[in-house]
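Read off the chains here:
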Amino acid sequence: MADPAVPARPDRFVLLYALAWAGGAIAYTPLLTILLPGQVAALAGQSAGVGWLARIALAGAIAASLGNITFGYLSDITGNRRGWIAAGLLLTCALLPQIGAARSLAATITAVVCWQLAVNMMLAPLAAWAGDKVPNRQKGMLGGLMAFAPGAGALSGALVTHPALIPGDQRLTVVAAIVAACVLPVLLFAPCPLQQAPEPDVPAEPPPGARRTVLEMWSARMAVQIAEATLFAYLLFWLRSLAPAIGENQTARLFSVIMVLSIPVALAAGRWSDRKDRPIVPLAVSALVSAAGLIGMALARDLALAMAAYGLFGLASAVFLSLHSSQTLRILPRPARRGRDLGLFNLTNTVPSLIMPWLAITMVPLFGFQALFAILAVLALGAGVMLSAIARQT
């Protein structure tokens, strides 16, 4: 029987918030995965473009890390999430076309750093706002709805790069318009007051061991994110090592199918965790399944088994990341500083992009992809073990 305290369906704020979160993914996914690499290659040439893109990615990751912590903290101390989100949205939409208009590499890197600060001015208080508004009994449902965001980002990339629909010089303007259409509704129609009194299921003082739980949750996400970021960057190279004829479109379709399938799985897992009041169990299970998928990838010797193993890993890791984002709000020890603390959690999104290239460069030439996947499997397994211990305590 369903717990009567758990709503049967999400309320208006949760739905509007999920749409805004998808808008956040649309703000960066097409640019970072498709449009920016193409622009850098056109400016610097294919060979030099790789190095320039790495420098831009490094500068952007540093700006994103600092910006997320700073603007999350500023939204804490001002108590005005909505204002910071609105300002970040305005600057993000203004700066996106400026990146496309840059005609030198120096101008491009400057525009990207400014844009990273702007988009994190929007995303940091947006992430904390869910903690202010959504009670613990709905955070699993929220995490399931947040699983739509990666698919929305991928779909927007396919839309804006379609040559018959949008001219090349207007792509980032269209991205900005889509982002505004997704984020504005939560700013305009979210229930007031802006921030509510603490929910009755949030204790006034953190329970014993809360800081250790936060550290373990942070470490578990970092481990899975390193694996996810590595596979995102090197999936095509690995598949071609098994079947040289495989194309980019096949890889893109595989990734898209996994993202679509992850949505109902995340929704079901999130809803189950709300009904049973077991928020960490789906995280532990998905981390362990991710480890199993990575082990399968290390052992795979033909394309069919490789794609099946990657499908298992990709599905489990997508569910893990969506649910972890919402359940993190539950375990932060100081609700009054959740914007700052979520900024520290955001390092698990940016730091892996700095670790992953060195890990791949060190392992693959000497020992092959199998050794790399074995190391990633150990990381995911460690995340599952840590989370299983937390699940037994809660």
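What counts and how
Residue numbers restart at each chain and count upward from 1, following the sequence in its written direction. Local features in a predicted model are, by the rule used here, given only for residues with pLDDT of at least 70; side-chain atom pairs are given and counted only at 80 or more, and totals for whole chains, interfaces and linings are based on all residues. The side-chain values count all of the structure's non-hydrogen atoms but skip hydrogen atoms and water molecules. In this text, helices come from DSSP runs of H or I with a minimum length of four residues, and strands from runs of E with a minimum of two, each type numbered from the N-terminal end. Accessible areas in this description were obtained via Shrake-Rupley with a 1.4 Å probe; residue shielding takes into account the shown protein chains only. What counts as an axis is a line fitted to C-alpha atoms, over the stretch in contact for a helix, and the angles between N-to-C directions run from 0 to 180 degrees. Angle categories are assigned with fixed cut-offs, so that under 35 degrees is roughly parallel, over 145 is roughly antiparallel, 65 to 115 is roughly perpendicular, and the rest are oblique. Two helices cross in a left-handed way if the nearer one is turned anticlockwise from the farther one by less than a right angle. They cross in a right-handed way if the turn is clockwise. The criterion used for residue contact is that any of the two residues' heavy atoms lie within 4.5 Å. Residues are grouped as follows: Ala, Val, Leu, Ile, Met, Phe, Trp, Tyr, Cys and Pro are nonpolar; Asp, Glu, Lys and Arg are charged; all remaining types, including Gly, are polar. Patch construction takes residues with relative accessible area above 30% that form no salt bridge. Like charges are linked within 9 Å, and nonpolar side chains (Val, Leu, Ile, Met, Phe, Trp, Tyr) are linked within 5 Å. Here, a salt bridge means any Lys or Arg side-chain nitrogen found within 4 Å of an Asp or Glu carboxyl oxygen. Note on classification: 1.4 Å probe, protein chains only; a residue is buried when its accessible area is under 20% of the maximum for its type, exposed when over 50%, partly exposed between these limits. We call a set of buried Ala, Val, Leu, Ile, Met, Phe, Trp, Tyr and Cys residues a nonpolar core when their side-chain atoms join them within 4.5 Å. Two aromatic rings from Phe, Tyr or Trp, using only the six-membered ring of Trp, form a pair when their centres are within 6.5 Å; if the ring planes differ by under 30 degrees the pair is stacked, by over 60 it is edge-to-face, and anything between is tilted. Geometrically, a lysine NZ or arginine CZ counts as sitting over a ring once it is within 6 Å of the ring centre and also within 35 degrees of the ring normal. Here a polar contact is recorded for every N or O atom pair within 3.5 Å, except that within protein the pair must consist of a potential hydrogen donor and a potential acceptor, and residues adjacent in sequence are included only if both atoms are side-chain atoms. Working rule for helices: expected span equals 1.5 Å times residues minus one.

Caption draft 1: Molecular detail of the overall build of the protein chain. A tally of regular secondary structure across the protein chain gives 12 helices and zero strands. In sequence order, the protein chain lays out its α and β elements as α-α-α-α-α-α-α-α-α-α-α-α. For the protein chain, the exposed area adds up to about 17300 Å²; of that, 69% sits on carbon and sulfur atoms.

Caption draft 2: Molecular detail of the packing of helix H1 (residues 12–44) against helix H7 (residues 171–189). Here H1 crosses H7 at 160 degrees, and the two axes come no closer than 8 Å. The orientation of H1 relative to H7 falls into the category roughly antiparallel. Regarding H1 and H7, the two cross each other, and that crossing is left-handed. For the pair H1 and H7, the contacting residues are Arg12, Phe13, Leu16, Tyr17, Leu19, Ala20, Gly23, Ile26, Ala27, Pro30, Leu31 and Leu35 in the first and Arg171, Leu172, Val175, Ile178, Val179, Ala181, Cys182, Val183, Pro185, Val186 and Phe189 in the second. Looking at the contact of H1 with H7 residue by residue, the class counts come to 20 nonpolar, one polar and two charged.

Caption draft 3: Layout of a nonpolar patch on the surface. Nonpolar side chains collect at one region of the surface, where Leu58, Ile62, Leu66, Leu354 and Ile355 lie side by side and expose about 410 Å² of accessible area between them. If you list the elements that add at least two residues to the nonpolar patch, you get helix H2 (46–78) and helix H12 (338–393). With three residues, the top contributor of residues to the nonpolar patch is H2. Assignment of secondary structure puts isoleucine 355 in helix H12. With a relative accessible area of 35%, isoleucine 355 lands in the partly exposed category.

Caption draft 4: Structural context of the nonpolar core. The biggest cluster of nonpolar side chains holds 73 residues, and the ones touching the most others in it are Met122 and Leu387. Apart from the residues lying within four places of it in its own chain, the contact partners of leucine 387 are Met217, Ala220, Ile280, Leu283, Ala284, Ala287 and Phe320.

Caption draft 5: Quick look at the packing of aromatic side chains. Taken as a whole, this structure holds seven aromatic pairs when the rule is applied. Plain terms: the ring middles of phenylalanine 13 and tyrosine 17 are 5.8 Å apart, the flat faces sit at 35 degrees to each other, and that makes the pair tilted. Of this pair, phenylalanine 13 and tyrosine 17 are both found in helix H1, four residues apart, which corresponds to roughly one turn of the helix. Grouping residues by exposure puts phenylalanine 13 and tyrosine 17 together as buried. Considering the side-chain rings of tyrosine 17 and tryptophan 21, the 6.0 Å spacing of their centres and the 15 degrees angle between planes classify their relative orientation as stacked. Pair noted here: tyrosine 17 and tryptophan 21 are both in helix H1, with a separation of four residues, about one helical turn. Taken together through their ring pairs, the aromatic side chains of Phe13, Tyr17, Trp21 and Trp129 make up a single cluster. The cationic tip of arginine 55 hangs over the ring face of tryptophan 52; the distance from NZ or CZ to the ring centre is 5.6 Å.

Caption draft 6: Quick peek at the side chain of threonine 92. Checked against the element boundaries, threonine 92 lands in helix H3 (residues 81–101). From its side chain, threonine 92 meets the backbone oxygen of alanine 118 in a polar contact 3.4 Å long. Setting aside residues up to four positions removed in sequence, threonine 92 forms contacts with Ala27, Trp115, Ala118 and Val119.

Caption draft 7: Region of the structure containing helix H6 (residues 148–160). The end-to-end C-alpha distance of H6, which contains 13 residues, comes to 18 Å, matching closely the 18 Å that a straight helix rising 1.5 Å per residue would cover. In the core, the buried residues of H6 are packed alongside H1, helix H5 (139–146) and H7.

Caption draft 8: Structural context of the pattern of salt bridges. Inspection of every chain in the model, using the stated rule, returns six salt bridges. A salt bridge links aspartate 132 to arginine 338; its shortest N-O distance comes to 2.7 Å. Of this pair, aspartate 132 sits in helix H4 (residues 105–133) while arginine 338 sits in helix H12, and the two are 206 residues apart along the sequence. You'll find aspartate 132 and arginine 338 in the same group, each marked buried. Among the ionic pairs, glutamate 216 bridges to arginine 212, the shortest N-O distance being 3.2 Å. Taken together, the positions of glutamate 216 and arginine 212, both in helix H8 (residues 210–242) and four residues apart, correspond to about one turn of that helix. Judged by its relative accessible area of 16%, glutamate 216 is buried.

Function-wise, these values are silent; they only describe arrangement.
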